[in-house]
Amino acid sequence: MGQDKISQELADITTLYEITKVLAGSFELRECLEQIMEILSGQRQMHNGTVTIINPVTAQLEIEIAYGLTAEARKRGKYEVGEGITGRVVANGSPIVVPSISDEPLFLNRTRYRGDLNLKQQISFLCVPVKHGQQVIGALSVDREYKKGLDFESDLQFLAIISGLIAQSVVRIQAFAEEKRKLVKENSSLKRELSGKYQIGNIVSNSSRMREVFEMIHRVAESNATVLLRGESGTGKTLVAKAIHYNSKRAKQPFVVVNCSALPETLLESELFGHEKGAFTGAHAAKKGRFEIAEGGTLFLDEIGELSQTVQIKLLNVIQDREFQRLGGVAPVKCDVRIVTATHVDLEKAVAAGSFREDFYYRLNVFPIYLPSLRKRRTDILLLAEHFLVEYCKENNKSISRISTPAIDLLMQYHWPGNVRELQNCIERAVLICDEDAIKSFHLPPTLQTADSSTNKNPLSFAGAVEHYERELIVEALKHTNGNQTKASKYLDTSLRIINYKIHKYEIEPKEYKVAS
């Protein structure tokens, strides 16, 4: 008996050595786990070895690797935490042994790999948690042929050691993969910066969300794939469409825009496909449509969600066959046009409601790009405001050098339902009515005059407007006088007592406006 125990321990050490070699030399998680399950099956008669990991997105247990299981069986092997034997092991963090799975109602056999359990020989099931520190990240399970006298305790200890090694390797490999992903992204970013193409055209932004949009533009620009731009009105879909065109091999060819919501159905068909002489009343001469005008270039269809079913069918045929007929014509016209579309409509809901064709939706949704609203890229608000300030000062021959601090606060607090377009209009208005060297808060529209406007629809109060105006005047005076309250009172032609009272009331800190000498 003692000799058998020594032999078993030597076999265990050999197996652990083989497993450690596999884990130490691999950076592919699935590959190394498969090799470990193969070693367990060959050297320890532990069959159907399975590693189940918690999916951080769905919070479900999903099979990462299962030795001998088909891909279809793996897909079926999904469990909630606490469900079945594996789910209980993960939930409780403690190992479980099922001496005979045919007698255990909690054993779900969801993969169906073992077939009818009642017709099979008796099988034992052992499952241990995979832990990283105190956190359970998954489970390791194996089958063993049931025999009397099996030392389950020894098997569980052995599996617990292996699960610990697996946990360390999972964390190491995931960290390596994340580092590799970051390096690839950084390398890609540096290449783009060197080529001067990262900041595309007229799209002003330094936010992470817009950098993702830039990345998508770079990926799709050189292809001929149909692009669908999604986002609220005013987020810059037209600028993105132009960026795609002017960074593509079609850049020297026409970029043609059609607003699908601006024309009735009959006129839209004529606008898109053109017409022959006499095709309808008033068609005194043949006319080329936008598809022909855009030949070799890009056709941008804005507000595609507003199209009628009839036009949707015709456009679907053009995208599929690359040819169309003019209104009143019989001969097909071949076209080589890259199509970019845009909409603020929820197309999935429109498809479900039957107002938008499902086949047309899938033809358009080849490469969707989602543009974030301005409230989700707040770091861009000041950058855009200063860009528009320079633009409109130049356009209107004005020399406004900056935007005051209180005005910046209002811009940053506002929720911008109209997105970049609303901000652009706001700055244009401010430039037109400003006769000073800085945009003040009272130059901004009334909807921005109180922070409450960013969260509700209450109109601007008189007291709120007065407070903003007084605060801004005092801050500007302190900036002008290097934080000196006495000089600020003279600058504003009022008494020092009143200035001190207002400074205390509005919690202004004069020292902040004192420039160090």
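### Considering the sheet that holds strand β11 (residues 298–302)
Strand pairs in the sheet, formed through backbone hydrogen bonds, run parallel or antiparallel to each other. In spatial order, the strands read β8-β11-β14-β7-β15; together these five strands make up an open sheet with parallel pairing. Where the open sheet ends on each side, the last strands, each with one partner, are β8 (255–259) and β15 (367–370). Sheet twist, expressed as the mean angle between neighbouring strand axes with direction ignored, is 20 degrees. Bridge count for β8 against β11 is five bridges, and the pairing is parallel. Bridging across to β11, V258 finds its partner in L301.

### Digging into the packing of helix α8 (residues 265–273) against helix α10 (residues 309–321)
Packing of α8 against α10 leaves a shortest axis separation of 10 Å and a crossing angle of 15 degrees. Classified by the angle their axes make, α8 and α10 are roughly parallel. The element α8 and its partner α10 pack so that their crossing is right-handed. Taking contact as the criterion, the partners of E265, L268, E269, L272 and F273 in α8 are, on α10, T310, V311, K314, L315 and V318. Looking at the contact of α8 with α10 residue by residue, the classes come out as six nonpolar, one polar and three charged.

### Things to note about the pairing of strand β7 (residues 227–230)
By the alternation rule, side chains of β7 split into V227 and L229 and L228 and R230, which are all buried. Relative to strand β14 (residues 338–343), β7 is paired through four bridges, and the arrangement is parallel. Of the residues in β14, the one forming a bridge with R230 is T343. Here four bridges tie β7 to β15, and the two strands are oriented parallel to one another. Within β15, the position partnered with L229 by the bridge is I369.

### So, the nonpolar core
Of all hydrophobic cores here, the largest spans 30 residues; its most connected members are L33, I36, L40, V51, L140, I162 and I166. Counting residues per element, the ones that place at least two in this core are α1 (2–24), α2 (29–44), β1 (47–54), β5 (123–132), β6 (135–145) and α5 (152–194). Ranked by the residues each element gives to this core, the list is headed by α5, at nine residues. Membership of the second largest hydrophobic core comes to 28 residues, among which are V258, I319, F324 and L347.

Basis of the calculations
- Residues numbered from 1 in each chain as written.
- Predicted model: local features only at pLDDT ≥ 70, side-chain atom pairs only at ≥ 80, totals over all residues.
- Heavy atoms only, no water.
- Pairing = 2+ DSSP bridges.
- Helix = DSSP H or I, 4+ residues; strand = E, 2+ residues; numbered from the N terminus.
- Axes fitted to C-alpha atoms, helices over the stretch in contact; angles between N-to-C directions.
- Parallel < 35°, antiparallel > 145°, perpendicular 65-115°, else oblique.
- Left-handed = near helix turned anticlockwise from the far one by under 90°.
- Contact = heavy atoms within 4.5 Å.
- Nonpolar A, V, L, I, M, F, W, Y, C, P; charged D, E, K, R; others polar.
- Buried < 20%, exposed > 50% of the residue type's maximum accessible area, 1.4 Å probe, protein only.
- Core = buried A, V, L, I, M, F, W, Y, C linked by side-chain atoms within 4.5 Å.

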